[in-house]
Amino acid sequence: MRAVGWAQSFPVSRGVRACRQWTRERLESLEWAGQSPETVDAVLLSVSELVTNAHVHAHSEAQLVLTWDSHCLHVSVHDSDPLPPDQKAEDLTTTGGRGLAIVDALADSWHTHPQRTGKTVTACFVPPVAPEPRAQVTAED
């Protein structure tokens, strides 16, 4: 397996647009990105939501890490708030509060890791053209 990764911090002053642009530039280096525009769009929207959550709810800069492991693109956003993200009940009368619901709908999976200096939310995106992971061979095979 070949893995590649990138990391960048995004202070509140740089905004979410810079984060999306940085992510798009990294994705362009991956073979599948040109063949999977839906996955690229899902990643970009999810990155926007996760970085916005870090800025708005955690009042923190966001450290964004992208890792491609030949099967899944892992999108991790770290902020300084130790509290887990709050998935709110759907409320059609508000204009916000849907970020994690969007990530949940777009990503193949996502989870939160509490850390000593805050938390990291990681979402996994498997593009339709990604190779299947190799099955492990056991002694019985």
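Quick note: structure is the one above.
Residues numbered from 1 in each chain as written. Predicted model: local features only at pLDDT ≥ 70, side-chain atom pairs only at ≥ 80, totals over all residues. Heavy atoms only, no water.

### Observations concerning the pattern of salt bridges
Right, on to step 1. Summed over all chains, the structure comprises two salt bridges.
Right, on to step 2. Salt-bridge contacts for R26 lead to E25; the nearest nitrogen and oxygen are separated by 3.8 Å.
Right, on to step 3. Residue K119 is joined to D79 by a salt bridge in which the shortest nitrogen-to-oxygen separation is 2.9 Å. In this pair, K119 sits in strand β5 (residues 118-125) while D79 sits in strand β3 (residues 73-79), placing the two residues 40 residues apart along the sequence. When sorted by exposure, K119 lands in the same class as D79, which is buried. (Salt bridge = Lys/Arg side-chain N within 4 Å of Asp/Glu carboxyl O. Helix = DSSP H or I, 4+ residues; strand = E, 2+ residues; numbered from the N terminus. Buried < 20%, exposed > 50% of the residue type's maximum accessible area, 1.4 Å probe, protein only.)

### Quick word on the environment of L27
Right, on to step 1. Summarising the element assignment, L27 is placed in helix α1 (residues 15-27).
Right, on to step 2. With 41 residues separating them in the primary sequence, L27 and W68 have C-alpha atoms 9.5 Å apart.
Right, on to step 3. Filtering out sequence-adjacent residues up to four positions away, L27 remains in contact with W32, A33, V40, V43, L44 and L73. (Contact = heavy atoms within 4.5 Å.)

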